[in-house]
Amino acid sequence: MRTSSKLRLSAGSLAVSVALAASPAFAQDAEQDQEEASVEDTVAEPQGSIVVSGTRIKRPNLDSTVPITSVSADELLENSSVSLGDALNELPSLRSTFSQSNSNRFIGTSGLNLLDLRGLGTDRTLVLINGRRQVGALPGDFRIDVNTIPFELLERVDVITGGNSAIYGSEAVAGVVNFITARDFEGVSIRGQASVTDFGDRGQQFISVTAGQNFADGRGNIAVSAEYSNAEPLFNTDRDGQTGAFSGRDQFNRQSSDPIGPNTFGFFNGVRNGNITDGTQILQISCNTSTPARAAATCATDRDGAVVTAGGTQLGAIYGFLPNGRLARNQPDFDFRRFGNNNTIGGFGSTLTNTGQLAPGLDRYTVNVLGRYEVSPALEFFFEGKYNKLDALQEGQPTFRFGQEFVTLDNAFLNPEDAAFIDENFFPGRGGFLYSRFNVDLGGRSEINERETYRIVGGARGSFNDDWSYEIAVNYGRLDTFLTSRNQILTENFANAVDAQFDANGNIVCGINNDADTTNDDAACVPINIFGVGSPSQAAIDYVNFDSTRDENAEQFVVSAFVSGDLSQLFELPGGPIGFAVGGEYRRETSFSEFDPITQSGATFLNIIPTFDPPAFTEKSVFGEVRIPLLADVPFFNELTVEGAARYSDYNTAADGVFTWNAGGVWSPVDGLRFRGNFSRSIRVPNPSDLFSPQSQNFAFIADPCDVLNLPQGNFPANRQANCATLGLGANFENTPARTQSLPFLTGGNPLLLEEESDSYTIGFVFEPNFIPGFAFTADYYNIEITNVIAGVGAQAVLNNCFDAPTASFPNNNFCPSINPRDADGFFADPVLIGGSFNFAALETEGIDFDIRYNRTFDNDSRLSLRAIATYVLRNVTFLDIANPDVPNRIRSELGDPSFAMTFSANYETGALNLGYDMRLVGRQLINTFESEFEFNGNPPTNPNSRGQVFYNEVFYHDVRAEYEIDERFTFYTGVDNLTNELPPLGLTGTGGDSGIFDVFGRTYYAGFRIDLP
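Residues numbered from 1 in each chain as written. Predicted model: local features only at pLDDT ≥ 70, side-chain atom pairs only at ≥ 80, totals over all residues. Heavy atoms only, no water.

### Here we look at helix α9 (residues 416–425)
Part 1 of the argument: Every buried residue belonging to α9 is among Asp418, Ala419, Ile422 and Asn425, and all of these are buried. All buried residues of α9 lie within an arc of 155° about the axis, which places them on one face of the element. Pointing more than 90 degrees away from the buried face of α9 are the exposed residues Pro416 and Glu417.
Part 2 of the argument: Between the side-chain oxygen at the start of α9 and the backbone nitrogen of Glu417 there is a gap of 2.8 Å, and the oxygen is on Asn415. (Buried < 20%, exposed > 50% of the residue type's maximum accessible area, 1.4 Å probe, protein only. Helix = DSSP H or I, 4+ residues; strand = E, 2+ residues; numbered from the N terminus. Arc of directions from axis to C-beta. Polar contact = N/O pair within 3.5 Å; in protein donor to acceptor, adjacent residues only side chain to side chain.)

The structure is reproduced here in C-alpha cells:
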C-alpha cells in the first residue's frame, strides 16, 4: 500500500496509522512539520480523549488490545484503480474473493466488491462506516459493497483482526473493516483522474467535487461531496493472448490415460472444445467400419492421420457446420478424447471464451453529505447522508444447446447434400440427429445491474459529568436493484424455431405452423437457421431471445445508544481511572427479490428462481465494556491494562438469545515496548437468505437408512439401528418406493439454522525504540476457529446424518427436523425432506501479521516514509465434508491463499515533488490441491507432480508515482501500476474466486490533478 507524505484532507490519517501501534515517536516526528496536524488535532474529542475502532471507550492514547491495521485514504487512492475494494484487497490480510475481475461469477453480483478477511468468507467479515452498519448489497444478505463507500471525505480504514461481536454484533467472526470519514472539511477540493492499460483498454475515469464550510464560530460544519467514476468493460475478445477467445485457450490438459501419475497433465496452447462448436455440431457419431468409405467418413484421426482410440475402440469423427452453412469435418491437430477429455488442439470447436469478460463495466455515482452542529458540549447533532448509484455491465457465456432438440434431415436450412451424407454415413434410417451449439451469434448472456443505495444517519452526542459522554443514533438504509439478464432464450420458442420446414408455397416456416394441428400454432414464430455461425436472422434471434428482469429491495433500520466514561470522580487505580461503556441496539432488516413471471415459469434458459420474500429479521442487543488500568509508570509496568466486553443479542430466528464476549490486556514493561493480547467469542447468525431462500423441487434416488439393506451400513450402524427402531421400523423393513424410483425433495433455506461460533485470540507486541525516532515494528499472532459453520448438505447426507447420530440426540439433532414425518406405512413422505444448509462444518486459520514503519523528516524538510505489511499464514483448513466432518482440508498455499504475502511502500517528498514506489508480493501457490502433492494428516499425496510443475511462482508487482505541487492550490500527479506488466500465470484469467488474487489488467498508466480552494 502507499504511504502518503502530503497529509491533506486526512491530515492525521497516517499519524493514526502509526499511532495505533502506538507511536509517540512518530507523533514527535510529525510535529516537526507545521503543515501537518498532530494526532490530537485530527482525531481528538473535545476533551482530548480518543475513540479507537474496536471499542466505544474513550482513552488518553491510541493503545488497543487487538491488532488494527490502519490505512489512510491517501494510501488507498494513490493508484490507477477507481475501486476502493480492489485497493484494499492488496492488503495481505484480505483475500480477493470478490474483486472487480471476479465478480461476474454469480447471478446479480457483477461489479460488487465484498471484503474477505483471512479468507474465511465474505459473510464473516463485518464492514462498518464510522462504527455503524450499512444496508447490504444483496437482499437477504448483510454484506456491504465497498463501491458504495465514497472516496472523498474518507479519512482512513481500520482493519481489525479477530472476532469483535461483543462490540459490533454478528458477522464479526474473522474481524471488522471500519471506514472512518472526516469529521470536518472546509474549502473546495476538485479531483480528477484517468487511466488506460498498456493494451489500450480498460479505460478508467474519476472526477469529484467536495465542498465544506464551518459555521457558528466553528461549532458547526457541513460538507458535501459528489463523485463519478467509470471503468470500461474488458471483454475476453479484447485480450485474445490472455483468454484465447479466438486462438484457443492456454491451459493444463490431461495427456495420459493413466488416472494418476507424474505428468498426466501437460500445459498446452490453442485448446478448444471438441464436443461443441459455435455453429452447430452433430452429436453421437460413432466410428463405422462397415465399409472403407464409411470408415473414412466416421472414424476419428488427428490431422497427421494418427488414429484416435479410447479403451481400444476407435472414436467417431467430429463434424460441424461452417459459417457458410455447409457440413465439414472438424479435423483437429490433436484430439484429447483419447485420454477421456473432450478438448482438442486446433480444429473449429468453440474456445468457450469468445464471449465473456475479464472485468465488468462500472459506472458509479455518489453524493455524500456530512454535517454537525454543537449546541453546547453536552449536545451536538450530527448527520450523515449518502446516495450511491452503480450501473454494472456484465457479459458471460451465451446460451447453448446440447442434445435438447432433434433436427430432422428435411430441415429447410440443411443442405440436401449434407442431409444425404448424414443419412448415409452417420445415422442410416434415423431421419435426423441431435446436435450441440454454442450460441455466440445470439449474443453472450449479459447482465445490466442497476443498484441504488440510500443511507441516512442522524443523532445526538455530547459530554457531561466532566468525563462522560453519550451518543444516540438512528440509521436507515435502503437498497433498490433492477437486473436485466439479456439474451436468455425461450426454450419452447427455440425448439419451435429449429424445426424449419417448407410450406406448400416453398416458404420456410416453423413446423408448428405447417402441420394439421392448429392448436399449437404460433403466428410470431420465425424459423431459425442454426447451421453455421452468423446464420440466424435478426428476426429469428428476436423471436427466441428473451430479457429476464428482476426487482429487488432491502431496508435496514437501526437505533443505537450508549454512554461511556470513567470513574475518576469516585476513585482511580494506580494506572488511572476505570473506563466503561454501556448501551443497546435495535436492528430490523427486510428483503425482497422477484423475477418476471415468464422467468419464474421456467420458460427461459435461466434458472427457475421463485420470489424471495422472507419475514423481517430483527435483533435486540445490550452491550457493555470495561477498561481497567491496573498499573502505570512504575518499574517493569509502564502500563498494565485489562479490558473486557460482553453483548447479549436476541434474534427472532432459531438462534434466539446469544451471548458474546471478549477479554484482553496490554502490558508495557518499558517505554517503547508493548505486549497485547485478546480473546474473543463471536458469532454469525444465519441471514434471511440462509434461512428462507425459496424452496425448489428436485428428484433423486434416495436410500432409506432404515431399509434392511442399509441398516447395517453407515459410519455408526448401532446408532442407525437404534434410531430406526425408535420410529417403530422393524429390522426387516423394506422401503419399496425408495428402492425402485426417484423421490421428490426440496432444497432451499433452512429456518432451523443456528448461529456460527468463533473463538479467536491474538497476541503480539509493538516495538518503538526511542533510539530510532520514527521507527515502529509490530507483530501479532492470530488464531481463529469457527464451529457450527453453515454449509450445504445433500439429501442423502441429511438422512444418513439424522439416523447415524447418537441416540441421545435423536430426533432432535441438526438434521432430523428437516425430514418430513413418514407415512403410516413407514415410507417417505412427499417431499421426503428439505435439503440445503446445516450447521456442521468448521474453519480454522492462524498466522502472524507484521507491520514495519519508518518515517523521518530531514533538516531540509524533506521527508522519507517507509512501510511494509506482511502476513505469514501458519494454518488454514476447512472441515466441510459431511461424510468426514473431522478430516481437515488444507487451504493454505493453494490458489488464492498463499502462505506469505507482503506489501511495501516508499515515499520521498522534497519541496513540491513527491515520489512514491510500491511493491506487492504474492507468494507461490499450488497448481493442484495440497493433498494431491504432499503428505497431509497422515495420508500420502494422492497424485504428486501430475502437472509437471507444482507451484505457480511468486509474483512481484511494482508501482511508481510522481506528484508535483505547482502551487498551494494545484497539484498534478502521474504514475504507472504493474510496471513489469505481470499477467495471471499459466492460462489463468484472474476471473475465478481463487485466481482473482492476480492482477488481470497488466501495466496501467494514469494521471490526475487536484485543485484545493479555500
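Now that the structure has been shown, the text picks up again.
### Remarks on the side chain of Arg890
Part 1 of the argument: Along the chain, the position of Arg890 falls in strand β41 (residues 889–890).
Part 2 of the argument: Although Arg890 is buried, it forms no salt bridge, and the closest oppositely charged side chain is Glu894 at an N-O distance of 6.6 Å.
Part 3 of the argument: Within the structure, the side chain of Arg890 is placed 3.2 Å from the side chain of Ser893, a separation counted as a polar contact.
Part 4 of the argument: Filtering out sequence-adjacent residues up to four positions away, Arg890 remains in contact with Asn876, Val877, Phe930, Glu931 and Phe936. (Lys, Arg positive; Asp, Glu negative; His and termini not counted. Salt bridge = Lys/Arg side-chain N within 4 Å of Asp/Glu carboxyl O. Contact = heavy atoms within 4.5 Å.)

### Description of the confidence of the model for the chain
Part 1 of the argument: Taken as a whole, the chain shows an average pLDDT of 90; of its residues, 94% reach a score of 70 or greater.
Part 2 of the argument: Note on residues 1–50: pLDDT is under 50 here. Beyond four places in sequence and across chains, it has 132 contacts. (pLDDT = per-residue confidence, 0-100.)

### Overview of the pattern of salt bridges
Part 1 of the argument: Using the criterion set out here, one finds 56 salt bridges in the structure.
Part 2 of the argument: Asp851 is the partner of Arg867 in a salt bridge, and the nearest nitrogen-oxygen pair spans 2.9 Å. A residue pair is termed long-range when its members are at least 10 positions apart, and Arg867 in strand β40 (residues 863–879) and Asp851 in strand β39 (residues 834–857) qualify at 16 residues.
Part 3 of the argument: By relative accessible area, Arg867 is classed as buried at 5%.
Part 4 of the argument: Look at Asp851 and you get buried, because its relative accessible area is 4%.
Part 5 of the argument: Here the residues in one salt-bridge network are Asp123, Arg124, Arg684, Asp690 and Glu756, joined through shared partners.

### A look at the environment of Asp851
Part 1 of the argument: As for Asp851 and Thr871, which are separated by 20 residues in sequence, their C-alpha atoms are 8.9 Å apart.
Part 2 of the argument: Residues within four places of Asp851 in sequence aside, it is in contact with Ala776, Phe777, Thr778, Arg867, Ala868 and Ile869.
Part 3 of the argument: Within the structure, Asp851 has its side chain in polar contact with the side chain of Arg853 (distance 2.6 Å).
Part 4 of the argument: Within the structure, the side chain of Asp851 is placed 2.9 Å from the side chain of Arg867, a separation counted as a polar contact.

### Focus: the state of the cysteines
Part 1 of the argument: Throughout the structure, instances matching the rule amount to four disulfides.
Part 2 of the argument: Between the sulfur of Cys706 and that of Cys724 lies a disulfide, 2.0 Å long from S to S. Looking down the S-S bond of the Cys706 and Cys724 bridge, the torsion is -85°, so its handedness is left-handed. Placement of Cys706 in the loop between β35 (696–700) and α14 (717–726) and of Cys724 in helix α14 is noted, with a sequence separation of 18 residues between them. (Disulfide = S-S within 2.5 Å.)

### What about a nonpolar patch on the surface?
Part 1 of the argument: A cluster of nonpolar residues, Phe215, Ile222, Val224, Val367, Tyr373, Val375 and Phe381, forms a patch on the protein surface that exposes about 560 Å² of accessible area.
Part 2 of the argument: Within the residue set of the nonpolar patch, elements represented by two or more residues are β9 (220–231) and β21 (361–376).
Part 3 of the argument: The biggest single contributor to the nonpolar patch is β21, with three residues.
Part 4 of the argument: Positionally, Phe215 belongs in strand β8 (residues 204–215). (Patch = residues over 30% accessible without salt bridge, like charges linked within 9 Å, V, L, I, M, F, W, Y side chains within 5 Å. Areas by Shrake-Rupley, 256 points an atom, 1.4 Å probe, with all protein chains shown as cover.)

### Considering the nonpolar core
Part 1 of the argument: Core analysis: the biggest nonpolar cluster contains 66 residues, and Leu84 and Phe179 have the highest contact counts within it.
Part 2 of the argument: Those residues within four positions of Phe179 in sequence are excluded, and the remaining contacts are Leu84, Leu88, Leu115, Val127, Leu128, Ile129, Asn130, Val146, Ile149, Leu154, Arg156 and Val157.
Part 3 of the argument: Within the second largest apolar cluster, 32 residues are counted, among which are Ala317, Phe321, Cys525 and Ile528. (Core = buried A, V, L, I, M, F, W, Y, C linked by side-chain atoms within 4.5 Å.)

### Quick notes on the side chain of Arg191
Part 1 of the argument: Here Arg191 lies in strand β7 (residues 187–197).
Part 2 of the argument: Separated by 3.1 Å, the side chains of Arg191 and Glu152 make a polar contact.
Part 3 of the argument: In this view, Arg191 contacts Leu77, Phe151, Glu152, Phe206, Ile207, Ser208, Tyr973, Phe1009 and Arg1010; residues no more than four positions away in its chain are not counted.

### Remarks on the domain arrangement of the chain
Interfaces are often described in size by the accessible area the parts lose on coming together.
Part 1 of the argument: By domain assignment, the chain separates into domain 1 (237–355 + 417–429) and domain 2 (895–934 + 950–1013).
Part 2 of the argument: The C-alpha centroid of domain 2 is placed 40 Å from the C-alpha centroid of domain 1.
Part 3 of the argument: Of the residues lining the interface, five residues belong to domain 1; the matching set on domain 2 comes to eight residues.
Part 4 of the argument: In this assembly, domain 1 packs against domain 2 so that about 550 Å² is buried in total across both faces, 58% of it on carbon and sulfur atoms.
Part 5 of the argument: Looking at the side of domain 1 facing domain 2, the largest losses of area belong to Arg239, Gln242 and Phe252, adding up to 71% of the total buried there.
Part 6 of the argument: Between domain 1 and domain 2 we count zero salt bridges in total.
Part 7 of the argument: Here domain 1 and domain 2 share three residue pairs in polar contact (both at pLDDT 80 or more) between them.
Part 8 of the argument: Class assignment of the residues belonging to the side of domain 1 that touches domain 2 gives a composition of two nonpolar, one polar and two charged. (Domains from an automatic or database assignment. Buried area = accessible area lost by both parts, 1.4 Å probe. Nonpolar A, V, L, I, M, F, W, Y, C, P; charged D, E, K, R; others polar.)

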